[in-house]
Structures are given as structure tokens and as C-alpha cells.
Amino acid sequence: MRSKRFEALANRPVKKDGFVKEWPEVGLIAMNNPGDPTPSLTIENGVVVEMDGKTRAEFDMLDTFIANYAIRLEKAEEYMKMDSLDIARMLCDINVPRATVVDITTSITPAKITEVLGKMTVLEMMMAQTKMRARLMPSNQCHVTNVKDNMVQIAADAAEAAIRGFDEMETTVGIARYAPFNALAIMVGANVGRPGILTQCAVEEATELDLGMKGYTAYAETISVYGTEPVFMDGDDTPYSKAFLASCYASRGLKMRFTSGSGSEVQMGYAEGKSMLYLEARCLYITKGAGVQGTQNGSVSCIGVPAGVPGGIREVLAENLLAACLDLECASSNDQTFTHSDLRRVARSLMQMVPGTDYICSGYSSTPNYDNMFAGSNWDAEDYDDWNVIQRDLKIDAGLQPVTEDALVEVRAKAARAMQVIFRELGLPEITDEEVEAATYANGSQDMPDRDVVADLKAAEELVNRATAVDFVKALDRGGMRDVAESIFNIQLQKCAGDYLHTASKLTSDWEVVSAVNYKNDYHGPMTGYVISDERWKQMSDIPWAVDPATI
């Protein structure tokens with residue numbers, strides 16, 4: 001006979017997840033791999049001649065790039081001599097200012113910072129994350145996609161996401177040629193919801209840059225870097241080519257961040273017997289060395305790999321903290337689904353929600369998960385109320401707030417009409433009143449009528465060859481939507497100013513740039529750093545379905 005208890009537990013959702021034992025020799029280990037290099041650094045005449053157990057003659061291209069560009073050398077040898085446990089204690093000590101710690105953590109090697117983080121518990125890392133976040137206040141980012149690439153629905157979902165609190169939004173495509181329409185839709189819809197939302201379209205890198213230069217997008221983050229040379233080369237890239245691409249974005253006023261995350265090298269079979277955290281440290285040092293203001297990390301699309309090994313979710317938090325230690329903006333993932341267990345997916349996210357990162361999710365799905373074209377998200381539109389209640393329960397600001405149904409319907413309708421106006425004014429395939437109404441009330445693409453895909457694809461290809469954001473501004477103005485036109489115009493104006501290229505930037509509805517430059521995180525204990533204002537607390541805690549005891 002079998003234990004009835006074990007039979008019941010065998011049917012729990014968590015038993016559907018994949019788990020493996022550690023295999024350090026191939027890199028299937030989250031942290032503290034015996035195969036990780038011993039920290040070391042030797043500098044001669046201002047040049048790194050030895051780092052983490054390798055002489056300069058033994059450096060691969062990642063080592064060379066990191067040694068040349070990613071480490072502050074002035075006090076590097078002094079800080080490398082510090083006990084790693086002492087640095088770990090400084091990280092979570094409220095009496096040690098962030099600036100003091102950053103001076104150290106940007107001057108030590110990848111192996112050294114990996115050793116430091118390996119001495120910290122999850123609780124200690126969360127304490128450190130509260131202090132080390134670059135920008136004073138946390139924020140959030142979402143995905144806006146659907147399986148039909150329906151641009152009317154994308155605009156409506158983006159507008160709703162804006163009033164729910166997201167400061168950045170990302171779309172992608174099912175069919176690559178839809179990219180111009182999807183990019184246009186998310187930009188217009190988001191800025192209907194709230195002026196100043198930054199948007200991007202994740203597609204092939206050359207296309208993504210082209211869309212940005214023509215004004216269809218305001219930022220990018222799907223520029224991937226890797227922790228070993230063979231994985232880089234397998235993608236036909238080097239740290240230098242990625243740095244060049246980053247400069248192309250910056251030269252056109254487009255905010256961007258690199259993407260990396262533990263597990264990618266293991267998946268590709270080139271982890272070189274190193275821990276996931278050490279390889280992610282190399283990725284982040286490359287990001288720093290390239291002069292990029294931030295990173296999307298936290299395993300991201302490879303989350304199933306660290307999640308399958310012991311301590312893997314601890315490692316995900318460690319790599320988010322590592323990004324902050326290098327003074328980078330951190331969009332801390334919490335996006336791709338990785339588990340069948342609701343308990344587990346919430347536990348994975350609390351470590352970023354509670355202390356707050358610059359962008360807690362780099363892809364909260366603003367649609368039902370069946371519409372998420374980024375392989376499904378850890379959080380989706382059906383979780384909005386749960387997310388808001390968790391914020392309310394813990395009194396934490398995780399970037400969102402409740403909305404009323406009337407406000408949601410109103411803003412979705414306006415976004416859909418804005419797309420209808422642009423398509424009419426630019427001679428694109430008609431967006432009907434039926435589509436506008438469907439998008440206004442839709443939950444997902446199953447509620448949307450089908451469009452003529454062939455006609456849309458032909459029009460999208462033609463549009464990107466003749467129209468820029470200036471044409472969208474003019475079309476909206478001619479169509480009587482001057483306020484939306486002004487928002488799209490101001491997004492382009494921000495690219496000319498370039499202020500939002502600073503670390504951890506976002507825009508307010510009044511077009512103020514909020515970043516780690518003018519809103520530094522100065523946390524040093526209770527009632528310091530970011531403190532939720534009374535106004536913000538009322539906004540977060542006032543869930544529409546809460547009972548007013550005065551009415552009973």
C-alpha cells in the first residue's frame with residue numbers, strides 16, 4: 001500500500017516542476033561552485049596584468065574587456081585585499097552609506113563580488129537591495145502583446161496598463177512584419193493612459209534600432225550579453241559589437257539596457273564549469289564596461305534553469321543585487337513563467353517586491369497569459385487584484401495601483417479611437433467601430449474580431465518606409481486628438497534632450513525625468529530613502545471592493 005499523504009502530495013502543482021541535483025562540472029550550480037576562480041588582481045602601470053587567477057596572456061575576450069573597461073582601478077588593489085565577509089556585512093549594514101559600498105563594489109573583480117554575495121542569506125540580500133537600488137523609488141514594467149498581433153487591442157491594453165501604474169512597456173510580435181504596427185500601438189496607447197510612458201518593441205536588433213530611430217519606440221532592452229566566450233561567438237557577437245550597438249542607441253537619444261541572466265550558458269552547453277552567479281557577474285561587468293546605464297537580469301527567459309537547482313532563486317536575487325552593486329539600473333525580471341505552483345511564483349517575486357528594484361518586473365503581462373508572446377509571464381492581467389492586495393497587505397510600493405471599471409473602459413476606448421484616427425489619416429487599412437468597441441471591453445484576443453492579415457502586413461511594411469513619429473503627431477492632431485499628439489511629440493523631444501539616458505530613468509506625466517541622478521537612493525535605515533507618501537498610500541490601499549464600515 002502507498003501512503004495516502006504521499007499520493008495527495010504527488011498531485012500538487014509543484015510536483016509538475018522540473019528539479020535537478022547540482023552538477024558543478026557543467027555549471028549546473030547556482031552559487032559557490034568549487035570551480036569558480038579565486039579572486040585576485042594585479043595592476044602594473046595602470047594596466048590589469050592578472051585577474052581572478054589568469055594572466056593577461058590567458059585572458060579571453062570577456063576578461064580583456066572587463067579588465068580594460070569595467071573595473072575602477074584607482075583603489076582596486078586595496079579593496080581586493082578586504083575580507084569578502086566584511087564587504088558582505090557592509091552591504092546590509094544601514095550605517096554604511098550606499099556610496100561607500102558602490103566605491104568598493106565597482107572596484108573589485110567578478111570573482112570577488114561573486115564570493116561576497118555567496119556569504120549572504122536571502123534576507124541579508126533583501127536588506128542590501130533596499131539600500132543599493134540606484135533610483136530612490138521602485139517602479140514596474142509590463143508586456144503588452146497578443147497572439148493576433150492586433151494593434152487595436154495592444155493600444156487599449158497599453159492604456160489600461162498606464163493607469164494601473166506601469167512606467168515602461170514592451171511589446172513583441174508573432175509575425176515579424178507586424179513590428180511597426182505593434183510598436184506604434186503600444187506607444188500611442190500607453191501615452192493615452194498617461195503622458196510620459198516609455199515603450200519598446202522587442203524584435204531583431206537591426207529592426208529594433210531602425211524603429212527607434214524613426215520614433216516608433218523610446219527604449220530597448222533585448223540586447224543580450226553572455227558570460228562565456230563560446231556563447232557570445234555562437235550568437236555572432238562580442239562585447240565590442242554589443243558596446244557599438246549600445247552607442248548607436250545612445251547617439252539617437254534612445255534609452256537602452258543590456259539583457260543577461262543566469263542559466264543561458266548552461267543551456268548553450270558552454271558554462272565552463274563555473275557557477276551561474278559568476279557567469280552572470282561577467283555579463284554585468286561587460287554591461288558596466290560598455291557604458292550602458294542598466295540591465296534586465298534575474299535569469300529572465302532562462303529562469304527554469306536556476307529554478308531547478310538548489311538555491312537557484314536565491315541566486316536570482318543575488319544577480320539583481322549584483323547589478324545594483326555595479327550602480328546599474330536593474331529591471332529585475334519576474335517575467336517568464338517557470339512553475340505550476342502559485343505559491344512558488346509569488347515567493348520568487350517577493351524578494352524584489354519587498355525591497356523594491358528599479359523595475360520590479362521586466363515583463364508583467366498586461367494580458368491573459370494565453371496572449372503573452374514572451375513565452376508566458378509569471379504575472380498576468382488576471383493577477384492585478386492579487387498584486388494590489390499584496391502591496392496593501394505589506395504596505396510596499398511595487399509600482400501598481402487599483403483602478404475603477406469606469407476609468408478602465410474610458411481609457412481603453414480612447415486608445416482604440418486614437419489608433420482608428422491614425423489609420424484613417426494615414427490611409428492604412430480601416431479600423432472599424434466594431435473593433436474599437438471590442439478592444440474597449442476585451443479581456444484578450446479571443447474577444448477581438450479578426451483582421452485582414454495580408455492587407456495589414458503590406459501596409460505595415462509600407463508605413464515604416466514612409467512614416468516617422470512626426471507623421472503620427474500630425475495625424476493625431478488632424479484627427480482632433482491634440483493631447484495625444486502632444487504626448488507623442490514630447491516623447492520624441494526627450495530623445496533630443498537626452499536626459500532620460502541617465503541611470504534608472506523614467507518620466508512623470510509632467511515630463512520630468514526621474515533618475516538615479518536627481519532622485520538618488522539614500523536609504524540608511526527606518527524612515528529614510530523612499531518613504532510611501534500619504535497620497536500614494538491612499539492610492540494603493542483604496543481597493544474598490546473594500547467595504548466602507550461607515551456604510552454598514
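See above for the structure.
**Student:** Help me understand the overall build of the protein, please; the structure alone is not making it clear to me.
**Tutor:** The helix and strand inventory of the protein stands at 24 helices and 13 strands. In terms of C-alpha radius of gyration, the protein reaches 24 Å, essentially the compact-globule figure of 24 Å for 552 residues. Counting only C-alpha atoms and orienting by the principal axes, one finds that the protein spans roughly 65 × 60 × 50 Å. The buried share of the protein, taken over its 552 residues, is 61%. Intrachain contacts of the protein at a sequence separation of at least 6 include 76% that bridge at least 24 residues. Total accessible area on the protein is roughly 21900 Å²; 53% of this is exposed by carbon and sulfur atoms. Treating the 52 positive side-chain charges of the protein as one cloud and the 80 negative ones as another, the clouds have centres 2 Å apart.

**Student:** How should a negative patch on the surface be read in this particular structure?
**Tutor:** A surface patch of like charges, here negative, comprises Glu-430, Asp-433, Glu-434 and Glu-437. Following the sequence through the fold, Glu-434 ends up in helix H20 (residues 433-441).

**Student:** Quick question: what am I supposed to make of the side chain of Glu-50 here?
**Tutor:** Position of Glu-50 among the secondary structure elements: in strand S2 (residues 47-51). Lacking a salt bridge, the buried Glu-50 has Lys-54 as its closest oppositely charged neighbour, with an N-O distance of 10 Å. A polar atom in the side chain of Glu-50 sits 2.5 Å from the side chain of Ser-40. Within the local environment of Glu-50, its side chain forms a polar contact with the backbone nitrogen of Gly-53, the two atoms lying 3.1 Å apart. With residues near it in sequence (within four places) discarded, Glu-50 still touches Ser-40, Leu-41, Thr-42, Thr-55 and Phe-59.

**Student:** Would you take a moment to explain the sheet that holds strand S8 (residues 255-259) for this structure?
**Tutor:** Working definition: the strands of a sheet are paired by backbone hydrogen bonds and lie parallel or antiparallel to each other. Taken in spatial order, the 4 strands line up as S7-S8-S9-S10 in an open sheet, and their pairing is parallel. Because the sheet does not close on itself, it has two edges, and the strands there are strand S7 (219-224) and strand S10 (329-331). Pairs of neighbouring strands in the sheet enclose a mean axial angle of 30°, with direction left out of account. The sheet contact formed by S8 and strand S9 (residues 294-296) spans 2 bridges and is parallel. Within the sheet, the bridge partner assigned to Thr-259 lies in S9 and is Gln-296.

Scoring rules and cut-offs
Residues numbered from 1 in each chain as written. Predicted model: local features only at pLDDT ≥ 70, side-chain atom pairs only at ≥ 80, totals over all residues. Heavy atoms only, no water. Helix = DSSP H or I, 4+ residues; strand = E, 2+ residues; numbered from the N terminus. Rg over C-alpha atoms; globule rule 2.2 N^0.38 Å. Buried < 20%, exposed > 50% of the residue type's maximum accessible area, 1.4 Å probe, protein only. Contact = heavy atoms within 4.5 Å. Areas by Shrake-Rupley, 256 points an atom, 1.4 Å probe, with all protein chains shown as cover. Lys, Arg positive; Asp, Glu negative; His and termini not counted. Charge placed at Lys NZ, Arg CZ, Asp CG, Glu CD. Patch = residues over 30% accessible without salt bridge, like charges linked within 9 Å, V, L, I, M, F, W, Y side chains within 5 Å. Salt bridge = Lys/Arg side-chain N within 4 Å of Asp/Glu carboxyl O. Polar contact = N/O pair within 3.5 Å; in protein donor to acceptor, adjacent residues only side chain to side chain. Pairing = 2+ DSSP bridges. Axes fitted to C-alpha atoms, helices over the stretch in contact; angles between N-to-C directions.

Limitation: the analysis is restricted to geometry and does not speak to function.
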